[in-house]
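# Coordinate inspection notes
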Amino acid sequence: MNGYLTAPVVWILIGFVLFVLEFIVPGLILFFFAIGAWIVAIVSLFIDLTLNEQLIIFLISSLVSILLLRKWATKVMWKRKHSTELLDDEFLGKTAIAESDISPNNNGRINFKGTSWEATSDDNISKGENVTITGNDSIVLIVKSTKSI
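Residues numbered from 1 in each chain as written. Predicted model: local features only at pLDDT ≥ 70, side-chain atom pairs only at ≥ 80, totals over all residues. Heavy atoms only, no water.

In terms of helices and strands, the chain carries four helices and five strands. When the helices and strands of the chain are listed from N to C terminus, the series reads α-α-α-α-β-β-β-β-β. The 149 residues of the chain split such that 30% are buried. Pairs at least 24 residues apart make up 40% of the contacts formed inside the chain by residues separated by at least 6 positions. Counting every atom, the chain has about 10200 Å² of accessible surface; 64% of that belongs to carbon and sulfur. (Helix = DSSP H or I, 4+ residues; strand = E, 2+ residues; numbered from the N terminus. Buried < 20%, exposed > 50% of the residue type's maximum accessible area, 1.4 Å probe, protein only. Contact = heavy atoms within 4.5 Å. Areas by Shrake-Rupley, 256 points an atom, 1.4 Å probe, with all protein chains shown as cover.)

So this is what it looks like as C-alpha cells:
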C-alpha cells in the first residue's frame, strides 16, 4: 500500500479534499489552494522534490492563482444576469401608476402589480398618471410618462 502513497498521489488527494471543502466553506479561496496542490502533484510527477520545495511550490502557485484568477472565477461562478435582463420579462415596457409626483430631480413611487416601487424619471409625472417602465438602476425603476411616448 505504501507504494501507492507517493507525493503526487498525496497532493492530488489534498487538492481533492480542498476542492470538496470549497463547497462547504464559502469564499472561493480553497479552490485555488486545490489548484496549487494539483500543480505540485503534476510537477512532482516529473521532478523529484523535497518536502520544502513541494510546500514552496504549493504556496506560490496557490497565491498566484488567487491573485490572477479569483476575480475572473467569481464572475464566472456567480454570474448573474444583467439587471435589465431580470426586468425584461416582468417589468420592462409594462404600465404602472404614479403614487407620487416624480420629476428629474425628485424620485417618487409607482404602483406596479400591487407593489410600491421607488421610481425616477426625466419627465415631470403627476400623482395618478400612467407611466411605462423603461429600465432600472438597482432597485429603482426608471419610468417615462405615457403622455410623452
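Time to look at the pairing of strand E5 (residues 140–145). By the bridge criterion, two bridges tie strand E3 (residues 115–120) to E5 in an arrangement that is parallel. Across the sheet, residue Thr120 finds its bridge partner in E5, namely Ile142. Across six bridges, strand E4 (residues 130–137) lies against E5 in antiparallel orientation. Opposite Val131, over in E5, you have Ser145 as the bridge partner. Adjacent in sequence and paired antiparallel, E4 and E5 are bridged by two residues, among which Ser138 carries a positive phi angle near 65°. (Pairing = 2+ DSSP bridges.)

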